[in-house]
Amino acid sequence: VSDRFAATGMAIFALAAPALAWAQASNSQGTPSCAADMARIGGDWGGLWIAENMEVDMNGREMPGGVPLLHGMKFSALSAPWSDEGWSRIGDTVRMGLSEATNIGGWSYPLMMSSPAPFKFIISPGETAIISQYRDIRYVYTDGRGHEPDDERWATPWGDSTGCWDGGTLTIETVGVRYVPAYTFLSPPLSENAHFVERMRVVAPGRIESEVTVMDAETLTQPWQVHMVYLRHPANDRLVHDGETYENDRLVFEGGSATISDPADAVPAARSPARPSVELSAAQLDRVVGSYTFDGTPAKLTIERRGDRLFSRIDPFRPLFLPMQADDDLSFFSPTDGVSIRFIADGAGRIRRFEGKSPDNTPIAGARDE
Amino acid sequence: MRKKALLNISVVATMALACPAAAHHSGAMFDKGKTVSLTGTVREFQFRNPHCYIQLVIRNERGVDEEWSVEMGAPMHLRDRGWKKNTLQAGDRINVTLSPLRDGSHGGELRIATAIDGRPLRGLK
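These remarks concern the structure in this document. (Residues numbered from 1 in each chain as written. Chains lettered and ligands numbered in written order. Predicted model: local features only at pLDDT ≥ 70, side-chain atom pairs only at ≥ 80, totals over all residues. Heavy atoms only, no water.)

### Looking at the overall build of chain A
At step 1: The helix and strand tally for chain A stands at six helices and 19 strands.
At step 2: Counting across all 370 residues of chain A, residues that qualify as buried make up 47%.
At step 3: For chain A, the proportion of contacts with a sequence separation of at least 24, taken over those separated by at least 6, is 50%.
At step 4: On chain A, roughly 17200 Å² of surface is accessible, and the fraction owed to carbon and sulfur atoms is 53%. (Helix = DSSP H or I, 4+ residues; strand = E, 2+ residues; numbered from the N terminus. Buried < 20%, exposed > 50% of the residue type's maximum accessible area, 1.4 Å probe, protein only. Contact = heavy atoms within 4.5 Å. Areas by Shrake-Rupley, 256 points an atom, 1.4 Å probe, with all protein chains shown as cover.)

### Brief notes about the packing of aromatic side chains
Residues and elements named next belong to chain A.
At step 1: Under the criterion given, the structure shown has 14 aromatic pairs over all chains.
At step 2: For the ring pair Tyr109 and Phe196, a centre distance of 4.9 Å and an interplane angle of 65 degrees mean the geometry is edge-to-face. Note that Tyr109 is positioned in the loop between helix H4 (91-98) and strand S2 (119-124) and Phe196 in strand S7 (residues 195-204), a separation of 87 residues in sequence.
At step 3: Aromatic side chains Tyr292 and Phe354 sit 5.7 Å apart centroid to centroid with 90 degrees between the ring planes, which places their arrangement in the edge-to-face category. Residue Tyr292 is located in strand S12 (residues 290-294), and its partner Phe354 is located in strand S18 (residues 351-357); the two are separated by 62 residues in the primary sequence.
At step 4: Relative accessible area serves as the criterion here: at 0%, Tyr292 is assigned to the buried category.
At step 5: Put simply, the rings of Trp45, Phe119, Phe121, Trp165 and Tyr230 touch in pairs and so form one group of aromatic residues.
At step 6: The cationic tip of Arg275 hangs over the ring face of Phe333; the distance from NZ or CZ to the ring centre is 3.6 Å.
At step 7: The ring of Phe311 carries Arg306 above its face, with NZ or CZ at 4.4 Å from the centroid. (Phe/Tyr/Trp six-rings, centres within 6.5 Å; stacked < 30°, edge-to-face > 60°. Lys NZ or Arg CZ within 6 Å of the ring centre and 35° of its normal.)

### Focus on the environment of B:Ala74
At step 1: Note on placement: B:Ala74 falls in the loop between strand S3 (65-71) and helix H2 (75-80).
At step 2: Taking the C-alpha atoms as reference points, B:Ala74 and B:Cys52, 22 residues apart in sequence, are found 5.8 Å from one another.
At step 3: With near-sequence residues (within four places) excluded, B:Ala74 lies in contact with A:Tyr134, B:Asn49, B:Pro50 and B:Cys52.

### A closer look at the pattern of salt bridges
Residues and elements named next belong to chain A.
At step 1: Counted under the stated rule, the structure contains 27 salt bridges over all chains.
At step 2: In this structure, Arg89 engages Glu85 in a salt bridge whose closest nitrogen and oxygen atoms are separated by 2.7 Å. In this pair, Arg89 and Glu85 both sit in helix H3 (residues 84-89), four residues apart, roughly one turn of the helix.
At step 3: Judged by its relative accessible area of 25%, Arg89 falls in the partly exposed class.
At step 4: Of the charged contacts, one joins Glu304 and Arg306 as a salt bridge, the two residues approaching to 2.7 Å between their closest N and O atoms. (Salt bridge = Lys/Arg side-chain N within 4 Å of Asp/Glu carboxyl O.)

Written out as structure tokens, the structure is:
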């Protein structure tokens, strides 16, 4: 650890600690509290926010003539004042960045605070949530609690955050952040002992500014200080989570190179239309309701009626009731798992047996329990 | 120190080719140094995550129809740029400019899209 880092880090801590303490002491009419005083927050934190220069074009990449995304991402792995240890850690970033095979699942912290994904604040007195369009979520507890103890906390891509409201300024401390390259290779590969302090406030309508200090003696030569600007999203005021439903992922590899799959390969298999069924009266349905035992086994078939529909259960193989539809007053099928059953009546018209097919077309048969 | 600065510049330059589209995959598969302009008929507009696609049928110089897959961003990004799920319909005639796939397949990443009359298909909000 360099003396420079230690000295600067101590100075930052010395500045941050009194700010937090003062915020705790001064909020809510002198009662020590970090809670948001909704009447004093001031400014408008509502709506959707996006980091400056992070709007993207219709192809998901930077706007024509705009700042390249990587240059605009102030928390990308390429921006930190790395020590030799830090530089040695960005190998994953470089390797994955150069690979055509690289996907990312989301942004994680701190990159989610300087990514192309808009986010919003949900503020209540004891908690502020920061939720990004890609479902990266930060819970910032402002109810006065501290971080989880070291022996109970494990590092995650989003970390453990506590915060203090001082009027309209929110100070957030975050620890326990884990770099997971498979999730976001562009995030900075700091150590799990990194400590983040953010101080953010609305400085003008539609503009939040945040001063961020990242301290990590293991990977940085000095505290990493970042000035962030967040702007109310100019084109969007609704958060739609659609980040991890990869139903139209057409990235494939052929001959060692990435390419786009044939559209036919990406179309979900056509679903068969629902099989029609006939309507039966309650009396017709009740005729087959009861308990049956499979021939030669202790397995049980149970038929019960719920309103105008029969349900079947097969113990112990399928111990849950599934709906049955009728082909006629004696023949039924399960549209869910494909079981088909035909009930057999005796000369007096009373149901005595059943036969049919299992989901894999194995013949089944059994007798009604007396 | 100078060595690190050079490394940083080098990494930024190369990574600029590989930054994932606002999440999902790297753009390294597209040749950003080339553009291809096509005029064709939309067979299908796939407005689904993680990438929307225009399936565009064009008639090549040999008079044979061929289909191109034109990759776009996620639905959320198209919405921000004024696109809707019904902005394009099957049968629409459009012009596109794209960065082609490096492997020579009929596909690429969209740069510009216009209606056949030249009206930009973007920023319609």
